[in-house]
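Overview (structure and organization)
Single-letter residue listing:
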Amino acid sequence: MSDNRREVMLGMRDAMPVWFAVAPYALVLGAQASQVGLSVPEVMLMTAFNFAGGSEFAAIQLWGSPLPMLTIIAMTFLINSRHIIMGAALAPFIQHLPKRKVLPALFFMADEGWAINHAKTLARAREQSAQDAFSFPYYLGACLPFYPVWVGSAVLGGMVGPSLGNLDAYGFAMAFPAVFLVLLRGMWKGGRAARPWLLSLVVAGLVYLLLPGPWFVLAGSFAGMLAAWVWGEAQ
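The text that follows walks through the structure, step by step, so that each part is easy to find. (Residues numbered from 1 in each chain as written. Predicted model: local features only at pLDDT ≥ 70, side-chain atom pairs only at ≥ 80, totals over all residues. Heavy atoms only, no water.)

**Here's the deal with the overall build of the protein chain**
Stated precisely, the cut-off is as follows: Only DSSP runs of H or I reaching four residues or more are called helices, and only runs of E reaching two or more are called strands; each is numbered from the N terminus. Only protein chains enter the calculation, and the probe is 1.4 Å; a residue is then buried if its accessible area is under 20% of its type maximum, exposed if over 50%, and partly exposed in between. Note on contacts: a residue pair qualifies if any of its non-hydrogen atoms lie within 4.5 Å across the two residues. Each accessible area is a Shrake-Rupley estimate made with a 1.4 Å probe; only the visible protein chains count as cover when residues are assessed.
When you go through the protein chain residue by residue, the secondary structure sums to 13 helices and 0 strands. Helices and strands appear in the protein chain in the N-to-C order α-α-α-α-α-α-α-α-α-α-α-α-α. Residue burial in the protein chain is summarised as follows: out of 235 residues, 43% are buried. For the protein chain, contacts bridging at least 24 residues in sequence account for 78% of all contacts bridging at least 6. Accessible surface computed for the protein chain: about 13000 Å², of which carbon and sulfur atoms make up 70%.

Structure below.
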């Protein structure tokens with residue numbers, strides 16, 4: 001087995017447990033979409049072209065007649081703004097790669113795959129140089145499989161949604177926070193390094209309480225980034 005193939009398989013192996021947590025809330029997304037009037041092909045197109053679950057849930061919550069298109073576009077941008085921070089974290093590792101590889105790969109950069117890859121990169125960086133710590137094949141193995149899992153589960157949800165009734169009764173919503181708690185644990189490097197996370201959480205919580213809409217996502221993301229920069233410079 002070649003080194004690249006071995007890295008892809010390793011990324012898939014590390015990501016596999018999270019697939020089973022992602023599938024339930026993709027199922028919920030598809031079911032909710034069907035219950036507000038989207039057809040199965042429309043669910044497939046939405047999840048395939050906008051591979052970002054949070055903004056898709058927001059769009060479904062806003063769906064109505066007449067369709068608030070500008071509001072949905074604005075909410076999608078705000079919620080997906082976290083990808084700016086995620087992309088910036090990857091930039092030092094992928095800037096030497098050709099754009100024909102980087103741009104398609106970034107399309108598949110969802111939260112779960114990014115976090116799994118980032119945790120692995122940090123672990124390897126403790127043992128070797130930062131440049132060698134990042135593995136592009138591992139990144140692909142960790143990120144790409146989430147795409148068919150997400151789209152396929154959402155389509156299945158769209159097919160069975162009308163027969164499910166009240167989705168909250170099934171408890172699928174617990175899968176979402178559970179996944180991110182596990183991912184955060186994988187990147188834990190001690191209380192001092194977690195200070196930007198804490199500040200991001202506090203700022204996001206305050207903005208959530210004070211302002212309607214998903215502004216808390218943008219505020220929490222940039223508060224955490226600013227804190228990491230300031231404390232990093234101080235060290």
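**Comments concerning the pattern of salt bridges**
Operational definition: The rule for a salt bridge is simple: a side-chain nitrogen of Lys or Arg has to be within 4 Å of a carboxyl oxygen of Asp or Glu.
A full pass over the atoms with the stated rule returns 2 salt bridges. Aspartate 3 serves as the salt-bridge partner of arginine 6, at 2.8 Å between the closest nitrogen and oxygen. Taken as a pair, arginine 6 and aspartate 3 lie in helix H1 (residues 3-35) at a separation of 3 residues, close to a single helical turn. Given a relative accessible area of 41%, arginine 6 falls into the partly exposed group. Taking the shortest distance from any N to any O, the salt bridge between arginine 13 and aspartate 14 comes out at 3.1 Å.

**A look at the nonpolar core**
For clarity, the threshold we go by: Definition of nonpolar core: a set of buried residues of the types Ala, Val, Leu, Ile, Met, Phe, Trp, Tyr and Cys, connected through side-chain atoms within 4.5 Å.
One finds Val22, Ile116, Phe146 and Trp150 to be the most contacted residues of the largest nonpolar core, which totals 24 residues. Taken together, the elements giving at least two residues each to this core come down to H1, helix H2 (40-49), helix H3 (53-62), helix H9 (136-143) and helix H10 (146-160). Among the elements that take part in this core, H1 stands out by supplying 10 residues, more than any other. Among the nonpolar cores identified, the runner-up in size contains 14 residues, and Met86, Ala105, Ala115 and Cys143 belong to it.

**Details of H1**
Helical periodicity: at 3.6 residues per turn, an α-helix aligns residues three or four positions apart in one direction. The following threshold applies: By this rule, a helix spans an expected 1.5 Å times one less than how many residues it contains. The reported bend at a residue is simply the angle between two axes, fitted to the 7 residues ending at it and to the 7 residues beginning with it.
For H1, with 33 residues, the first-to-last C-alpha span of 46 Å sits near the 48 Å given by 1.5 Å per residue. Its axis deflected by about 45 degrees at methionine 16, H1 carries its strongest bend there, up to four residues before the proline proline 17. Looking one or two residues beyond H1, the residue adopting positive phi is glycine 37, at roughly 110 degrees.

**Looking at the packing of aromatic side chains**
How we decide: Whether two aromatic rings pair depends on their centres lying within 6.5 Å, for rings of Phe, Tyr and Trp, where Trp uses its six-membered ring; planes under 30 degrees apart make the pair stacked, over 60 edge-to-face, and the rest tilted.
All chains considered together, the criterion is met by 10 aromatic pairs. With a centroid separation of 5.7 Å and 20 degrees between ring planes, the pair formed by phenylalanine 93 and phenylalanine 134 is classed as stacked. In this pair, phenylalanine 93 sits in helix H5 (residues 82-94) while phenylalanine 134 sits in the loop between helix H8 (130-133) and H9, placing the two residues 41 residues apart along the sequence. Classification of phenylalanine 93 as buried rests on a relative accessible area of 15%. Measuring from centroid to centroid gives 6.1 Å for phenylalanine 136 and tyrosine 139, while their planes differ by 15 degrees, and the two rings are stacked. Remark: tyrosine 139 and phenylalanine 136 occur in helix H9; sequence separation between them is 3 residues, near one turn of the helix. Just as phenylalanine 136 is buried, tyrosine 139 falls in that class too. Through a chain of ring-to-ring contacts, three or more aromatic side chains come together here, namely Phe51, Phe107, Phe108 and Tyr147.

**Focus: the packing of H1 against helix H7 (residues 111-125)**
Heads up, the rule is: With axes taken as lines fitted to C-alpha atoms, and helix axes fitted only over the stretch in contact, angles between N-to-C directions fall between 0 and 180 degrees. By definition, turning the near helix anticlockwise from the far helix through less than a right angle yields a left-handed crossing, and turning it clockwise yields a right-handed one. Under this grouping Gly is polar, as are all residues other than the nonpolar Ala, Val, Leu, Ile, Met, Phe, Trp, Tyr, Cys and Pro and the charged Asp, Glu, Lys and Arg.
Here H1 crosses H7 at 140 degrees, and the two axes come no closer than 9 Å. Helix-helix and strand crossings are classified by hand; for H1 and H7 the assignment is right-handed. Listed contacts from H7 to Glu7, Leu10, Asp14, Ala15, Val18, Val22 and Tyr25 of H1 are Glu112, Ile116, Lys120 and Arg124. Its residues assigned to classes, the contact of H1 with H7 shows 6 nonpolar, no polar and 5 charged.

Honestly, that's just the spatial picture; any functional story needs more than this.
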